[in-house]
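Spelled out, the chains give:
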Amino acid sequence: MSSAKSSKSVCVVGAGALGLTTALKLARRGFDVTVVERASGIGGLADAWRVGDITWDRHYHVTLLSDSHTRTLAEEIGIGDRFDWRETRTGFYSESKLYSMSNSVEFLKFPPLRFLDKIRLGFTIFYCARIKNWRRLEKVTVGDWLTRWSGKRTFESMWLPLLKSKLGDNYRDTSAAFIWATINRMYAARRSGLKKEMFGYVRGGYATFNDALGRALDAAGVRLQTGVAVKSVVPLDAGVSVTTQRESGLVEESKFDHVVMTVQTPVTAALVPNLSDTEKRRLNDIRYMGVVCASVLLKKPLGGYYVTNITDPGFPFTGVIEMTALVDADQVDGHHLVYLPKYVSSDDPLLKASDEDIKASFLQGLFRMYPQLTEEDVEAFRISRVSHVMALPTIDYSTKVPGVATSLSGVSVVTSAQIVNGTLNVNETIALAERSLPELIKRIDASSATHINEEAHELSATG
Ligand SMILES: Cc1cc2nc3c(=O)[nH]c(=O)nc-3n(C[C@H](O)[C@H](O)[C@H](O)COP(=O)(O)OP(=O)(O)OC[C@H]3O[C@@H](n4cnc5c(N)ncnc54)[C@H](O)[C@@H]3O)c2cc1C
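Okay, so let's go over this structure. From a predicted model like this one, the values you see are computed outputs, not experimental measurements. (Residues numbered from 1 in each chain as written. Predicted model: local features only at pLDDT ≥ 70, side-chain atom pairs only at ≥ 80, totals over all residues. Heavy atoms only, no water.)

1. Observations regarding the site of the ligand
Logical step 1: Close to the ligand lie 29 residues, the nearest being E37, L45, Y60, H61 and V426.
Logical step 2: At 3.1 Å, a side-chain N or O of Q264 approaches an oxygen atom of the ligand.
Logical step 3: With respect to the ligand, the backbone of V426 contributes an N or O atom lying 2.8 Å from an oxygen atom.
Logical step 4: About the coverage of the ligand: the protein hides 93% of its 1,000 Å² of free accessible area.
Logical step 5: Residue assignment for the shell around the ligand shows that the elements contributing at least two residues are α1 (17-28), β2 (32-37), β11 (228-235), α9 (265-271) and α12 (426-446).
Logical step 6: Per-element accounting of the shell around the ligand gives the leading share, 3 residues, to β11.
Logical step 7: If you count residues domain by domain, the shell around the ligand takes at least three from each of domain 1 (9-46 + 206-286 + 401-461) and domain 2 (48-61 + 288-391). (Near = heavy atom within 4 Å. Polar contact = N/O pair within 3.5 Å; in protein donor to acceptor, adjacent residues only side chain to side chain. Areas by Shrake-Rupley, 256 points an atom, 1.4 Å probe, with all protein chains shown as cover. Helix = DSSP H or I, 4+ residues; strand = E, 2+ residues; numbered from the N terminus. Domains from an automatic or database assignment.)

This is how it looks when you write it as structure tokens:
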């Protein structure tokens, strides 16, 4: 790690959880850091927006009691005491009925599965949670692995709808490491001695988290540029040139000693033209899942389950997240906030469907599941579409992932695609930022230091 104060200038591209954490850690080690973010605010996938007259997360977010990296960062930025913790319930919508599946007794009573199927299902989860060498699970598809341990019937009636709900048809190419990571995240708290998993949220939602992170960055001397899209990153004889474009159309060029790309891998391939063809291919070959996620503000509660998994076919969304089964009503002015996510491939036509079409089909599905609801109960409906959310853990994924180093001494990559044995969540993202730091600092220290914090100069104004 770098010890002495360094005046090396670093540009971090992207102000999601990864870029913000990386920037904070670098600034606290003495680097002169600028974060450049295309959106008008910070937080990336974990940002907040308005639905009706409330502000809450654009995508549903829960923190687990075992999310130690998130909780430590929250302490560091002064909001460690702002978490509320709850025991939540999980529902299953199966054969046109809602079932609670929140404990072992309910699991044993779950009618859609026969007794023997339940034993095999329970054993699969128990066994999976105890596997240490996750790399061997990368060699087999999740479908084959689950069928082997749970049996064909349980796979088709239980696992398949759940896999499809998170992966769409991409489940066919996903390795069993995915289910290992998912089960291990849910088991983490129990391993640490707790009998039950507790779910939590920061009061005020991720807006509280991002605001506190913004203040910590400011205090550490980080310059934060929002509404500024990076257009290209080109190495110079000394340092790296970063061309950006503001929302107004203004194009500028700045020079830094080092640039850290925290964006999704195809974005890095497109923004850094001097990477080798092999590097670009590696970045572009990573397959991503996208999401269409509706925030729905209701007058009435639903079933009281934080997550309701759907095993019946024919629903336009892949699960129901009743946020207000976790979050206190006073946080959302007494409304009921529900998310309807549909995970899709990054090129799925649904990502381009109109708001009206998505709203009509999603509400139809919601009313089918909860016949007590009508149009009258819907106070607001807003749709988020993101084409690149999560890198798909395909067969032998860990051997395909790009490292931090690139062939360009002034450019490094720290991206969520480098999470190889975990699920995509803020805790893993912060952990990634932390473990990438030693290599990043070595590379920054080794990069040339001619242009330090040179003022941006205007190239052209196109807007
Ligand atoms: C539907 C959904 C539900 C989730 N639920 C949970 C949950 O319950 N718990 C949990 O812990 N996590 C959850 N997550 C995951 C969590 O949001 C992510 O792990 C985390 O936010 C990823 O951060 P990131 O910085 O890697 O990526 P991002 O947040 O995608 O950040 C990348 C940033 O780069 C910016 N950018 C892109 N191109 C450019 C450019 N050219 N110039 C400048 N900036 C650029 C983007 O605007 C973005 O802000 C959820 C995610 C989704 C989508």
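2. Side note on the environment of S157
Logical step 1: Mapped onto the elements, S157 comes out in helix α6 (residues 152-167).
Logical step 2: The spacing of S157 and S447 is 290 residues in sequence and 55 Å in space, taken between C-alpha atoms.
Logical step 3: For S157, the contacting residues outside a window of four places in its chain are L113 and T311. (Contact = heavy atoms within 4.5 Å.)

3. So, the pattern of salt bridges
Note on pairing: side chains with opposite charge can pair once their charged atoms come close.
Logical step 1: Scanning the model with the defined rule gives 19 salt bridges in all.
Logical step 2: Two residues, K300 and D377, come together in a salt bridge whose shortest N-O distance is 3.2 Å. Residue K300 is found in the loop between β15 (288-298) and β16 (307-310), and its partner D377 is found in the loop between α11 (355-369) and β19 (378-391); the two are separated by 77 residues along the sequence.
Logical step 3: Residue classification places K300 among the partly exposed residues on the basis of a relative accessible area of 31%. (Salt bridge = Lys/Arg side-chain N within 4 Å of Asp/Glu carboxyl O. Buried < 20%, exposed > 50% of the residue type's maximum accessible area, 1.4 Å probe, protein only.)

4. Here we look at the sheet that holds β16
Logical step 1: If you trace the 7 strands from one edge of the open sheet to the other, you get β8-β7-β16-β17-β18-β15-β19, paired in mixed fashion. Among the strands making up the open sheet, the edge pair consists of β8 (97-100) and β19. Each strand of the sheet is rotated relative to its neighbour by a mean of 20°, with strand direction disregarded.
Logical step 2: As defined by bridge partners, strand β7 (residues 90-94) adjoins β16 across 4 bridges and the pair is classed as parallel. Within β16, the residue paired with G91 across the bridge is T308.
Logical step 3: Contacts from α11 reach β7, β15, β16, β17 (319-322), β18 (336-345) and β19, with the element oriented near 105° to β19. (Pairing = 2+ DSSP bridges. Axes fitted to C-alpha atoms, helices over the stretch in contact; angles between N-to-C directions.)

5. So, the packing of helix α2 (residues 68-76) against helix α8 (residues 206-219)
Logical step 1: It is at 10 Å that the axes of α2 and α8 come closest, and there the two elements cross at 55°. Taken together, the axis directions place α2 and α8 in an arrangement best described as oblique. The handedness of the crossing between α2 and α8 is left-handed. Within the contact between the two elements, α2 uses T70, L73 and A74 and α8 uses Y206, F209 and L213. (Parallel < 35°, antiparallel > 145°, perpendicular 65-115°, else oblique. Left-handed = near helix turned anticlockwise from the far one by under 90°.)

6. What to know about the packing of aromatic side chains
Logical step 1: Per the counting criterion, the structure on display carries 16 aromatic pairs.
Logical step 2: Summarising the aromatic geometry, the rings of Y93 and F315 are spaced 5.4 Å apart at their centres and angled 85° between planes, so their arrangement reads as edge-to-face. Residue Y93 is found in strand β7, and its partner F315 is found in the loop between β16 and β17; the two are separated by 222 residues along the sequence. The pair Y93 / F315 is uniform in exposure class, with both members buried.
Logical step 3: Across the ring face of F126, the terminal group of R130 is positioned such that the distance to the ring centre comes to 3.8 Å.
Logical step 4: The ring of F315 is capped by R368, whose NZ or CZ atom sits 3.9 Å from the centre of that ring. (Phe/Tyr/Trp six-rings, centres within 6.5 Å; stacked < 30°, edge-to-face > 60°. Lys NZ or Arg CZ within 6 Å of the ring centre and 35° of its normal.)

7. Focus: the pairing of β7
Logical step 1: In terms of burial, β7 is largely enclosed, as 4 of its 5 residues are buried.
Logical step 2: Across 4 bridges, the pairing between β7 and β8 is antiparallel. Bridge pairing in β8 links G91 to S100.
Logical step 3: Where β7 folds back onto β8 in an antiparallel hairpin, the turn is made up of 2 residues, including E95, whose phi is positive at roughly 50°.

8. A word on the packing of helix α4 (residues 115-130) against helix α5 (residues 142-150)
Two quantities define a packed helix pair, namely the angle between the helix axes and the distance between the axes.
Logical step 1: As a packed pair, α4 and α5 sit with axes 8 Å apart at the nearest point and diverge in direction by 120°. The angle between the axes of α4 and α5 places the two elements in the oblique class. Contact residues: α4 offers R120, L121, F123, T124, Y127 and C128, while α5 offers W145, L146, T147, R148, W149 and S150.
Logical step 2: Broken down by class, the residue content of the contact of α4 with α5 amounts to 7 nonpolar, 3 polar and 2 charged. (Nonpolar A, V, L, I, M, F, W, Y, C, P; charged D, E, K, R; others polar.)

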